[in-house]
Amino acid sequence: MKINKNLAEIITQIRNDNLESRSHSRDLVHWEEDHRLRSGAAKAIVFILPTKGCSWALSNSGGCSICGYLYDNPQHPDFEKIVKSIRGALKGKIQKDEKYSIKLFTSGSFLDKKEIPTEFQVEILKEIAIYNQIEEIVIESRPEYISSNTIAVLSEVININKLEIAIGLESSNNEILRNSINKGFYWEDFEKAVKITIDAGARVKAYLLFKPPFVSEYDSTKDILYSVSKVVESGVDTISINSISIHRGTLLSDLFEKNQYRPPWLWSLFLLCKEIKTQFPDLRVICDIVAGGTKRGAHNCGSCDKDLIEIIREFTLTQDFNILNKDVQCSCYNEWKSYLIHEKLSISDL
Amino acid sequence: MSKIKSGDKLRFFQPLSQIGLSRLLGETRTHHPITPGLISIENTIEKEGYSGFFDLPFPPTFPKNRKDTEVLIWNLPDTKIDKSLAKGFFLSEQPFYASYVPDSLSLENFSKYIDKFQSLDEAHKQIFTLPLSYVESPLLDKIIETDCSLYILTGISALFNNQRKLTETFVKLRERLPPDIAIYLPGPISPAYYSFLIYSGIDLFDNSIAYYTSKNGYFLTSDGAFSVDNHPPCYCKYCNSAKPELLKHNEMILKNAIGRIQYAIKTDTLRSLVEQDIHSSVTFAASLRLYDNNYSENIQSRTPIISSAPLKCIGEESFSHPSVVEFRKRVKERYTPDPLSKIVLLLPCSAKKPYSFSRSHMLFRKAMKDGSKELLNYISELIITSPLSIVPRELENIFPARFYDIPVTGQWSPYEIDETKLILLEILKHYPKETIILNHTYGDGYSQITESIEEMTSFEVINTSDSSHPTSKNSLTKLSSTLKEISQREIKSQERSSVPQLKQIRATADFQYGPGTGKLLFSNAIKFKGKYPRDRQIFYEKKQVATLHKSTGFLSVFPQHAQKIIHHSYNNLKFMDDHIKGSNIFAPGCAEADNRIHPNDEIFVISNNKIIASATAFVSGLDMNKMTSGKLAEIKKKVRN
Ligand code: SF4
Ligand SMILES: [Zn+2]
Ligand SMILES: [Zn+2]
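Residues numbered from 1 in each chain as written. Chains lettered and ligands numbered in written order. Predicted model: local features only at pLDDT ≥ 70, side-chain atom pairs only at ≥ 80, totals over all residues. Heavy atoms only, no water.

### Here's the deal with the coordination of the zinc ion (ligand 2)
All names here are of chain A. Distances from the zinc ion (ligand 2) to its protein donors, Cys301 (SG), Cys304 (SG), Cys330 (SG) and Cys332 (SG), fall within 2.2 to 2.3 Å. With 4 donor atoms in place around the zinc ion (ligand 2) and angles of 102 to 116° between them, the coordination shape is tetrahedral. Read N to C, the donor residues that coordinate the zinc ion (ligand 2) are spaced as C-x2-C-x25-C-x1-C. With cysteine 304 in the loop between β8 (284-289) and α11 (305-318) and cysteine 330 in the loop between α11 and α12 (332-347), this residue pair connects regions lying 26 residues apart in the sequence. Residue cysteine 304 is classed as buried on the basis of its relative accessible area, which comes to 3%. Take cysteine 330: its relative accessible area is 19%, and that puts it in the buried class. (Donors = N, O, S within 2.8 Å, 3.2 Å for Na, K, Ca; no water. Tetrahedral: all angles 85-135°; square planar, octahedral: opposite > 155°, others 65-115°. Helix = DSSP H or I, 4+ residues; strand = E, 2+ residues; numbered from the N terminus. Buried < 20%, exposed > 50% of the residue type's maximum accessible area, 1.4 Å probe, protein only.)

In C-alpha cells, the structure reads:
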C-alpha cells in the first residue's frame, strides 16, 4: 500500500473543507525571469496554465499534505483560450537574439490527459516549436503519466532533446512519501519514469522537498542528501530543492497554526547547497525559496535572511560554488543549531 | 563503543537513591552518579557539569558511515569508562516516527515505531522516544521489556499550564516505568523549573535554553533572566574576560542550577527546595498541592523514612510534606503506649530538638519530678506540634521529629487542627478508661485540639496550664501539685513499669517495622551499652542483637534476632534462593518485596520462612517489584549457619 489510509482521510477532509472557495474560471498567468540553461545564462518565460488542477489532489486520497495549488485552479478550464493566450504571449515576449526556456506549469501534470486533453498538449507545444530561440521546454508531471506513448506524442511536435520533465519526487524515502507527504507513489515509480524519459531522449529534473511535515529539519537534511545521491545515480542531472512554503488549506498549514511545524531555516538551505555542490560539482543544483524570509516560508532571525536568500539565489543562477564560500555571520547560528537538535530529539529519527 | 550484548538484561542506570518520584541514577557497574543532570546538545570542550553530550555531525553531511556517527556520550571519568556498561548510546538508527501527528494517525505510526525499535540491534536500542499520549499504551510494555535505559519524553511542555494533567501524567509515568529508566526532557526549559520537574521524576535536561537565551540577549541568573544590557553583576570568568561570552555564562547558570538540586538530593532536602522554588510558577505551586492531596500514596511510599536531613517547614505545603504525612500516619497506625501508662501528659513542642534538650521541656521534667518521682514511669508524654501533630516522647529522637524546623510556633490552620484532633483521639483509644489526662498546653490552637478530648471521650482531663504559659511559675507549680495529688490516689500498679529506653526502642521498632514488633524484639531482659548521643548497643543474653543509631534515631536489628518478628515485619523481601551470593540483592533474586518498604529502609531478606540477612533498600518495595535488572538492596548482615 502506497497510501496511509488514516493520513489520506485527514487530508481529504481538509481538502473538502477548503474546496468550496474555488473560482470558476481564471486567466493564464505568465512572467519572464532570469534563468540558467545548461549552456549558460538565459531568460525563462513561465506559464501557469489554468487547468482544473492536479488529478491526485482531486482524487479521494486528497493529494499531498503540503499542497494547496488546487485552490487556485478554476473548475472549468477553456483550452482554446489557453492556446490563444500562449500564442499571444510568446509573440510579444520572444526576442530575436536571446535564448529561452519555456516553463509550462499547471499545478498538476502536463501529461495527464484528464487535466489537459492530448490534443491540447500537442496544440500548446506546436506554438512553442515555432521559435528556434527556445532551447528548453520544461513541463511538470507525476511519474504515472510518463510513458513511452505520452512522450512519443510530444516528440512528433517538438525536438524531444529540448524537453525537461520535472517530477515532484520530494523524497527517495518511501516512508516519508507515504506517511508524511501522501504522495501516492514510491521511489520505484520515479525510477521507472526517469528511465522512460531518458531513453526517449528527454531529461528529468527532480524536485526534492525540504522539509516535509513530521520530519525534523536535521533528518530532512539527511534525507535530501541521501535522496540526491540516489537521484544522481538514476541518471538525473538537475535537482531542485524546494524549500517549503506553507499553503493555506493543507494539513501542513494546520500543523503550522498549531505551532507544530516550523518552516526550514535558511542556514540549512545554504549549507545543503554547499554540501551537495561539493559532492557533485557537475550537478545542476537549484534552490527555490518561495516566501523566503516570511513566517510561512524558510526564514532565519530576520536580520540575516536577506543576505542568505540573495546568496542562494545568485548561486542557483550562476552555479558558481565560490558564491557559497562567502562568510555570513549572524548570532542566530547558535539558535539554529540548538533548534535542530531539539527538534530532532522531539520528533525522533528516520 | 557499546559493550551491551543481547540477552545481557542489564540497564545502563541503577537507582542509587529515591525520593518520591525522583531518583538519583548512577551508571550500573561503577555507580558513577549521572542524574539528575544536564546534557550538552553538542560536543563541548568544557565538559564539567554535564552528564553527557550529543555528538552528531553538524550540519549533517553525505553519508559515509552514518550508522555510528550520531551518539549520546556519557561524561564518565577516565578511571570508570572501561568498567562501565557503555560509553554512550547510539541515536542514528531510530525509525521514522512523528510525535505530533493527529491522534488517529499516530497510533499506526507508534506501533510501527515500536516494531522497528524491537528489530534494531541491542546497541541501538538504548534511546526511546515516548510521546506523552502513549504513556498508558499497552504497546509500551514491549519497550519496557527491553533493557532500553533512556526515554525521551515529548509533548510535556503543552501541559505546563494544566496542573491536573501534569501531575496525573507524572504519577502515571512513575507507576508505569521501572525506576532504573532515565527520563529526558529535551528542549528549552527554564532552570527555575528544574527542581519541580526533577521532583516529578524528570532526570535529564539539556542546555538548549542557553542557546536560545544567549541568542535573544538574555542574561541568566539564579533569579531569572535579565537583559544583557542591564543585569546584576556577575564575576564569573566568562563575564570578566576581555570578550564576555554570554553563552558560556548562561551554560554555567544551568550547571549551577542542576548542581544545587544534585546536592539537595544527596542531602535529602529536595522537598524543601521545591517548596521554595515553586513560587516561580502558578501551575507548579498548584501541582505540588495536587501531588500532596491526590497522589500522596504514590509519593510517600517512595520517600525515605530513615534520614537525618534537616526538614525546613516554610509554608503550608510543609504540612503535607510526604515525610510529615508518613510520620503522622505511622504514629496513628503503629504507635502503642506502654500498657502500664496511667497518665497522659499533653505538652507543647519546643524549637530546640530533641524536645528533651530544650529549656521548656527541662522545666516540665523538673516539675514532674517535684510532683511525684514514683509516678514518672507511668506517665505517657505526648507532644502536640505543627506540622507533625502528635509526637510521643518515645519517638522524639527519630526523623523527622528531631529534624524539623518551623518559623512560628502555635500557628494552626483549621485543617491541621482537625487532623491533629483525629490522631490524638486515635492514640487515646489505646489507654484504659481510668487514665487521667493532664493538659499542659496553652493557647488558642492547642485548646481547640484538646477540647475535643472532653467532647469525644470520658477521660478525666485536668488542665494544668489553663491560665498562663506552660513554662510560667504558675503553670509549673500546678503541674507539680496535680501530680502530687494524683500520686496519693491508689493508681500505682504491682507490675514494674519499663524503663524509658526500653519504651523508646519498642516504639521505634513499631514505627519502623510494624505494630507489635517492639514488644516481640525487646523483652525486659534487654541490656544497653553506650549513651546518647552515641549509638546505643542493645544486648540480649550477652549477645548484641540491635543498634540504635544516634544519627537517625532508628534501629538496626541483627537478622538472627529479627526472626522473632518475621510474621509481623512490614519490611520483608522474599528471596528466590536459599543463600545470597555477594553483597547485594539483585532484581532477578527478588520473589516479592513488601509494598510498604521505603527507600533507605532496613529490610529483612527471607528464604524458606527464615530471615537470612538484613539489607538496606535502594528503592521502595513498589519499585523493587517492577525492576528486572540492577541492585535492589545492599546486604548489611547475613545470618551465619
Ligand atoms: S504536490 Fe504535485 S502531485 Fe501533490 S497534490 Fe500538489 S500538484 Fe498534485
Ligand atoms: Zn540571523
Ligand atoms: Zn558570568
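### Thoughts on the site of ligand 1
All residues in the neighbourhood of ligand 1 are listed as Cys54, Trp56, Ala57, Cys64, Cys67, Ser107, Arg142 and Lys183 of chain A. Among the residues forming the shell around ligand 1, the class breakdown is 5 nonpolar, 1 polar and 2 charged. (Near = heavy atom within 4 Å. Nonpolar A, V, L, I, M, F, W, Y, C, P; charged D, E, K, R; others polar.)

### Some remarks on the coordination of the zinc ion (ligand 3)
The reference angle at a metal is 109.5 degrees if four donors form a tetrahedron and 90 or 180 degrees if six donors form an octahedron. Residue and element names in this part refer to chain B. The protein atoms that coordinate the zinc ion (ligand 3) are Cys234 (SG), Cys236 (SG), Cys239 (SG) and His249 (ND1), at distances of 2.1 to 2.3 Å. Each of the 4 donor atoms bound to the zinc ion (ligand 3) contributes to angles spanning 100 to 118°, and the resulting shape is tetrahedral. All donor residues of the zinc ion (ligand 3) come from one chain, and their arrangement in sequence is C-x1-C-x2-C-x9-H. The exposure class assigned to cysteine 234 is buried, which follows from its relative accessible area of 18%.

### Details of the packing of aromatic side chains
Evaluation of the coordinates by the stated rule reveals 30 aromatic pairs over all chains. Consider the rings of tryptophan 265 of chain A and tyrosine 339 of chain A, whose centres lie 6.0 Å apart with planes at 50°: the pair is tilted. Taken as a pair, tryptophan 265 of chain A in the loop between α9 (251-257) and α10 (266-279) and tyrosine 339 of chain A in helix α12 lie far apart in primary sequence, 74 residues in all. Tyrosine 339 of chain A sits in the buried class, given a relative accessible area of 17%. Ring geometry for phenylalanine 12 of chain B against phenylalanine 13 of chain B: centres 5.0 Å apart, planes inclined by 85°, an arrangement best described as edge-to-face. Classification of phenylalanine 13 of chain B by relative accessible area gives buried; the value is 1%. Over the face of the ring belonging to phenylalanine 319 of chain B we find arginine 328 of chain B, whose NZ or CZ atom lies 3.8 Å from the ring centre. (Phe/Tyr/Trp six-rings, centres within 6.5 Å; stacked < 30°, edge-to-face > 60°. Lys NZ or Arg CZ within 6 Å of the ring centre and 35° of its normal.)

### Topic: unusual backbone geometry
Residues phenylalanine 210 of chain A and lysine 211 of chain A are joined by a peptide bond in cis, for which omega reads -15°. Tracing the chain through its elements places lysine 211 of chain A in the loop between β6 (203-210) and α8 (217-233). Across the junction of serine 386 of chain B and proline 387 of chain B, the peptide omega takes the value 0°, indicating a cis bond. Its location among the elements puts proline 387 of chain B in the loop between β16 (379-385) and β17 (389-392). For asparagine 609 of chain B, which is not glycine, the phi torsion reads 65° and is therefore positive. Tracing the sequence through the fold places asparagine 609 of chain B in the loop between β28 (602-607) and β29 (610-617).

### Section: the sheet that holds strand β24 (residues 555-557) of chain B
Residues and elements named next belong to chain B. Taken together, the 4 strands give an open sheet; going across it, the order is β21-β22-β23-β24, and neighbouring strands pair in antiparallel fashion. Sheet topology places β21 (527-529) and β24 at the edges, where each strand pairs with a single neighbour. Between one strand and the next, the sheet's axes are offset by a mean angle of 30°, whatever the strand orientation. As paired elements, strand β23 (residues 543-548) and β24 share 3 bridges and run antiparallel to each other. Across the sheet, threonine 547 pairs through a bridge with serine 556, a residue of β24. Sitting on the sheet, helix α16 (residues 500-513) is in contact with β21, β22 (536-540), β23 and β24, with an inclination near 80° to β24. (Pairing = 2+ DSSP bridges. Axes fitted to C-alpha atoms, helices over the stretch in contact; angles between N-to-C directions. Contact = heavy atoms within 4.5 Å.)

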